[in-house]
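# Observations on the three-dimensional arrangement
Chain by chain, the residues:
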Amino acid sequence: MKKYFLILSLLLTTYYLPLTASIRIGAEVETGGTSYSNPNYSTSSSLSNSYNYQKSRLYLEGDLKKNVTVGVKLISRGIFGKDFGKEYTTARSSITFINYTPQIENAFLEFSEVGTLPVDFIAGRQPLRIGQGVLVDDDGLGFDALRIKGYLPFDIDADAFLIKRNELSGDRFTTDKDQSLTAIGGNWTYQNDYNFRVYYLVEESSSPLKKNFISVRADGRFKEGVNYRVEIIKSGGDYSGISYLAGATAYSKLRRLGKTSVNFEYAVGAGKDNGLGFAPTYGHKTDGFERSGYGEYFGASMSDFYGGISPYKSGGQGIHTTTLGVGFEPYKDLNFNFDYFILFSLDYPELTGVESYLGEELDLSLKYKYTDNCFFRLVYGRFSPLKILKPENEASKIISNKLGWSVSAKF
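A brief look at the structure comes next. (Residues numbered from 1 in each chain as written. Predicted model: local features only at pLDDT ≥ 70, side-chain atom pairs only at ≥ 80, totals over all residues. Heavy atoms only, no water.)

Moving on, we come to the overall build of the protein. Helix and strand content of the protein: two helices and 18 strands. Counting only contacts in the protein whose residues sit at least 6 apart along the sequence, the fraction spanning at least 24 positions is 55%. Accessible area for the protein stands at about 21600 Å²; split by element, carbon and sulfur atoms hold 59% of it. (Helix = DSSP H or I, 4+ residues; strand = E, 2+ residues; numbered from the N terminus. Contact = heavy atoms within 4.5 Å. Areas by Shrake-Rupley, 256 points an atom, 1.4 Å probe, with all protein chains shown as cover.)

Shown next as structure tokens:
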């Protein structure tokens, strides 16, 4: 009841904002369907799971006097055609998955140029993502956070924030700690084409293990039509190892294929042979609904992956991924993308060569822009488990598939 009262209060607050502010209102709706086959990686299994889903968002933003902005976003998500899709989707879904119950994604106050200083302060549940989201990404669900951003000479931007994951019980005393992430960093931009970013992050929890990260990232463009990205992350505390990624995307326009892109990325997460490996708690894992990452089906990150419902290895650290993708637009508003992934695990330092491979995946997607604000999308993912995930002594090729569609609109 308190949740609904809070939502109603926020809506009433934003209703009165026009008296003193300019207000922006918008909505997003996405509905679609997904079908998975052979999630247990069997040569003879007919196991499959299909479901339909819907995601809706309503957001309002108002500019008050003295450089104050209020932002509110509500989200509702759910699955129909299956009892929560419990054979498959609850294992893949985000931990905040609630069946169609509206929840607050964002509710924050932003103070710009506080006291005429080049400093912004943001408080409340807010969107927060650093770089590609390897270490920090709210996955479209918002973080409860305090954030300060400062704008310094020579195109240097300073940044510091505190994220709280859960509060302790208010009716009892305890020595347990809240889960939190504290970070400080900065970004330097050179000639609008080169960005250099450094962050130091410390995770706190009731665990006796200490965990921190130092991230150094560079991204931008080499020249017109060629973008690059490089990130190196050092794990610290009771965790150790160097994780990194490097990638580039080239854009061109070909006579028969139209707008064309070629994408390459090589990413490595440190395995358990390096202390406790690479295991960021606040990094990108889902799209706010189900697993999201390298591969439409496999959804790997640099630290873990979704392993189907197989009794074999899943959720391991130290994921090594090579990505090669090609996209083109042969007709106006119609985009095709082909992505190939090869993945293996660094969890087992004694494994070498093909013995360490998790699998390979080929994804095909088609996106059509019906209007400027309405899109149709079809996706097919074909995953082939290899040495680690295949049943013991199984030599024949195993195929698991994902087929999905969606239509989305926003204003």
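Right, let's talk about the packing of aromatic side chains for a bit. With the rule as written, the count across this model stands at 20 aromatic pairs. Considering the side-chain rings of Phe 161 and Tyr 199, the 6.4 Å spacing of their centres and the 45° angle between planes classify their relative orientation as tilted. Of this pair, Phe 161 sits in strand 7 (residues 156–166) while Tyr 199 sits in strand 9 (residues 194–204), and the two are 38 residues apart along the sequence. Side by side, Phe 161 and Tyr 199 carry an identical accessibility label, which is buried. (Phe/Tyr/Trp six-rings, centres within 6.5 Å; stacked < 30°, edge-to-face > 60°. Buried < 20%, exposed > 50% of the residue type's maximum accessible area, 1.4 Å probe, protein only.)

A contiguous nonpolar patch, built from Val 262, Phe 264, Leu 324, Val 326, Phe 338, Tyr 340 and Leu 362 and spanning about 560 Å² of accessible area, is present on the exposed surface. For the nonpolar patch, the elements supplying multiple residues, two or more each, are strand 13 (258–268), strand 14 (319–331) and strand 15 (334–345). Looking at the secondary structure, you find Tyr 340 in strand 15. Judged by relative accessible area, Tyr 340 falls into the partly exposed class, the value being 34%. (Patch = residues over 30% accessible without salt bridge, like charges linked within 9 Å, V, L, I, M, F, W, Y side chains within 5 Å. Salt bridge = Lys/Arg side-chain N within 4 Å of Asp/Glu carboxyl O.)

It is worth spelling out the environment of Arg 197 at this point. Inspection of the secondary structure assignment puts Arg 197 in strand 9. Judged by relative accessible area, which is 17%, Arg 197 ranks as buried.

Nonpolar side chains tend to gather and get buried jointly when the protein is soluble and globular. Of all hydrophobic cores here, the largest spans 40 residues; its most connected members are Val 136, Phe 161, Ile 163, Leu 201, Phe 298 and Leu 343. For this core, the secondary-structure elements that each account for two or more residues are strand 2 (48–64), strand 6 (143–152), strand 7, strand 8 (179–190), strand 9 and strand 15. Dropping the residues within four chain positions of it, Leu 201 is found in contact with Leu 135, Val 136, Phe 161, Leu 181, Thr 182, Ala 183, Lys 211, Asn 212 and Phe 213. (Core = buried A, V, L, I, M, F, W, Y, C linked by side-chain atoms within 4.5 Å.)

Let's shift gears to the pattern of salt bridges. Two side chains bearing opposite charge may form a pair once their charged atoms approach each other closely. A complete count under the given rule lists 22 salt bridges for this structure. For Asp 193, the salt bridge is made with Arg 221, and the minimal N-O distance between the two is 2.8 Å. Separated by 28 residues along the polypeptide, Asp 193 in the loop between strand 8 and strand 9 and Arg 221 in strand 10 (residues 211–223) bring together distant segments of the chain. For Arg 221, a relative accessible area of 31% corresponds to the partly exposed category. Two residues, Lys 211 and Glu 203, come together in a salt bridge whose shortest N-O distance is 3.5 Å. Its relative accessible area of 11% is what places Lys 211 among the buried residues. Bridged by salt links that share partners, the residues Glu 28, Arg 57, Lys 73 and Glu 105 form one connected network.

On to the environment of Leu 58, then. Relative to the elements of secondary structure, Leu 58 occurs in strand 2. Along the primary structure Leu 58 and Glu 28 are separated by 30 residues, whereas in three dimensions their C-alpha atoms are 6.6 Å apart.

Of note in the backbone geometry, Asp 139 takes a positive phi value of approximately 55° without being a glycine. Locating Asp 139 in the fold gives a position in the loop between strand 5 (119–126) and strand 6. Residue Gln 191 is not a glycine yet carries a positive backbone phi of 55°. If you trace the backbone, Gln 191 turns up in the loop between strand 8 and strand 9.

Below, the discussion takes up the pairing of strand 13. Examined bridge by bridge, strand 12 (residues 242–254) and strand 13 share 11 bridges and lie antiparallel to one another. Each residue of the ladder has a partner; that of Ala 248, found in strand 13, is Phe 264. Where strand 12 hands over to strand 13, the hairpin turn is made up of three residues, counted between the paired strands. (Pairing = 2+ DSSP bridges.)

Moving on to the pairing of strand 9. Burial of the side chains of strand 9 is restricted to one face: Asn 195, Arg 197, Tyr 199, Leu 201 and Glu 203 are buried, whereas none of Tyr 194, Phe 196, Val 198, Tyr 200, Val 202 and Glu 204 on the reverse face is. Pairing analysis gives 11 bridges linking strand 8 to strand 9, with the strands arranged antiparallel. Bridge pairing in strand 9 places Gly 185 opposite Tyr 199. In the sheet, strand 9 pairs with strand 10 via 10 bridges, with the strands oriented antiparallel.

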